[in-house]
Amino acid sequence: MDIAVCLITAFAAYLLGSIPSGYLAGRAKGLDIRAMGSGNIGATNAFRILGKTWGAAVLLADAFKGWFAAAMLPVIVCKIFDPALLNVPEASRDYLNIIAAISVILGHNYTCWLKFKGGKGIATSAGVLLALVPWALVISLSTWIIVCKLTRYVSVGSIAASAVLPFATWLVHRYSMRMVVITAVMGVLAIYKHKANIVRLMNGTENKMGQKRAEPEAEEMS
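Position numbers for residues start from 1 in each chain and track the written sequence from start to end. Where local features are concerned, this predicted model is filtered to residues with pLDDT of at least 70; where side-chain atom pairs are given and counted, the filter is 80 or more; whole-chain, interface and lining totals use all residues. Only heavy atoms go into the side-chain values, all of them from the structure, while hydrogens and water stay out.

This brings us to the side chain of S21. Helix and strand assignments follow DSSP, with helices taken as H or I runs no shorter than four residues and strands as E runs no shorter than two, numbered in order from the N terminus. Along the chain, S21 turns up in helix α2 (residues 21-28). In this scheme, a residue with accessible area under 20% of its type's maximum is buried, one over 50% is exposed, and one in between is partly exposed, where area comes from a 1.4 Å probe on protein chains only. Given the relative accessible area of 13%, S21 is considered buried.

Moving on, we come to the packing of helix α3 (residues 43-50) against helix α4 (residues 52-71). It is the contact of α3 with α4, at a shortest axis distance of 7 Å, that shows an interaxial angle of 160°. The angle between the axes of α3 and α4 places the two elements in the roughly antiparallel class. Along this stretch, α3 crosses α4, giving a crossing that reads as right-handed. Together, A43, A46, F47 and L50 of α3 and K52, W54, G55, A56, V58, L59 and D62 of α4 make up the contact between the two elements. Only C-alpha atoms enter the line fits that serve as axes; for helices the fit covers just the stretch in contact. Angles between N-to-C directions range over 0 to 180 degrees. Working definition: roughly parallel below 35 degrees, roughly antiparallel above 145 degrees, roughly perpendicular at 65 to 115 degrees, and oblique for all remaining angles. Handedness of a helix crossing follows the sense of rotation of the near helix relative to the far helix, less than a right angle counterclockwise being left-handed and clockwise being right-handed. Here a residue-residue contact requires only that any non-hydrogen atoms of the pair lie within 4.5 Å.

With that settled, the discussion passes to α2. Here α2 has its buried residues at S21, G22, Y23, A25 and G26. Considering only its buried residues, α2 is in contact with α3 and α4.

Next up on the list: the confidence of the model for the protein. The predictor's confidence in any single residue is recorded as pLDDT, a number from 0 to 100. When the pLDDT values of the protein are averaged, the result is 90; 92% of them are 70 or greater. The secondary-structure element of the protein with the lowest mean pLDDT is α3, recorded at 88, while α4 shows the highest, at 97. Low confidence marks residues 214-219, where pLDDT is under 50. Its contacts with residues over four positions away, or in another chain, come to 28 contacts.

What follows covers helix α1 (residues 3-17). When the terminal C-alpha atoms of α1 are compared, their 21 Å separation across 15 residues agrees well with the 21 Å that a helix rising 1.5 Å per residue should span. For α1, the set of buried residues is V5, C6, T9, A13, Y14 and G17. On an axial view of α1, the arc spanned by its buried residues comes to 165°, and they lie on one face. When the buried face of α1 is taken as reference, the exposed residues oriented beyond 90 degrees from it are L7 and F11. In this structure, the buried side of α1 is in contact with α4, α5 (73-81) and α6 (94-109). Taking the backbone nitrogen of A4 as reference, a side-chain oxygen 2.8 Å away marks D2 as the first, capping residue of α1. Expected helix span is taken as 1.5 Å per residue step, with the number of steps being one fewer than the number of residues. Read the arc as the range of directions from the helix axis to the C-beta atoms. Contacts described as polar in this section are N or O atom pairs within 3.5 Å, which, within protein, must combine one atom able to donate a hydrogen with one able to accept it, while residues neighboring in sequence count only if both atoms come from side chains.

Between 30 and 60 degrees the pair is tilted, below 30 it is stacked and above 60 it is edge-to-face, where a pair is any two Phe, Tyr or Trp rings, Trp via its six-membered ring, whose centres lie within 6.5 Å. Taken as a whole and judged by the stated rule, the model has three aromatic pairs. For the pair F64 and W67, a centre-to-centre distance of 5.9 Å together with 35° between the ring planes defines the contact as tilted. Here F64 and its partner W67 are both found in helix α4, three residues apart, which amounts to about one turn of the helix. The exposure class of F64 is partly exposed, given its relative accessible area of 46%. Owing to a relative accessible area of 29%, W67 belongs among the partly exposed residues under this scheme. Within the aromatic cluster, the residues linked to one another by ring pairs are F64, W67 and F68.

Once that is clear, we can look at the environment of N87. With respect to the secondary-structure elements, N87 resides in the loop between α5 and α6. A residue is classified by how much of its surface remains accessible, and N87, at 69% relative accessible area, is exposed. In this structure, the C-alpha to C-alpha distance between N87 and R34, residues 53 residues apart in sequence, is 45 Å.

Below is the structure:
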């Protein structure tokens with residue numbers, strides 16, 4: 001695989017992921033959501049501060065970034081910089097999809113436009129999974145819904161879905177160990193971004209769905 005193509009793919013995916021959808025939506029309404037609610041630019045805080053319409057727009061935008069980076073960006077980069085790569089077996093181009101997937105999530109989580117402080121990558125990761133392992137996404141999303149309903153903690157649902165993800169990938173895509181590894185990395189990254197939530201859960205101070213906020217930061221889903 002051409003190193004230059006890999007680097008271009010990584011850079012382009014990072015820039016795409018770094019577009020701070022929640023922050024821009026807030027600015028469109030004259031608000032800085034970093035100074036409101038949890039202070040996170042993800043979809044949960046956007047729903048909370050900006051309302052359902054804008055929150056849904058942020059959620060879809062963040063998910064679209066992940067899907068486009070993993071599904072379309074490698075093809076576009078190949079067409080522009082090395083068209084010959086389009087003629088190799090698809091399995092040989094998996095690496096470009098994986099590079100794009102990780103880079104777009106890192107771009108969202110650590111956006112260069114906001115001093116490398118972004119969201120938690122759940123919605124963007126969902127977009128990536130939709131492109132790469134859609135049935136694993138269905139299992140992971142089902143886990144998130146069930147756990148959220150049982151516990152009323154968005155953070156617990158997100159952590160559980162992230163933990164289940166590599167096993168779900170192995171179950172339905174066991175022919176590709178690369179995809180199992182990449183989803184394991186995605187799961188670990190998502191859980192790491194919830195480290196503050198884990199501390200609050202252990203301390204009994206995490207906020208439940210529908211509960212008034214007592215802490216400056218709570219669970220995010222994007």
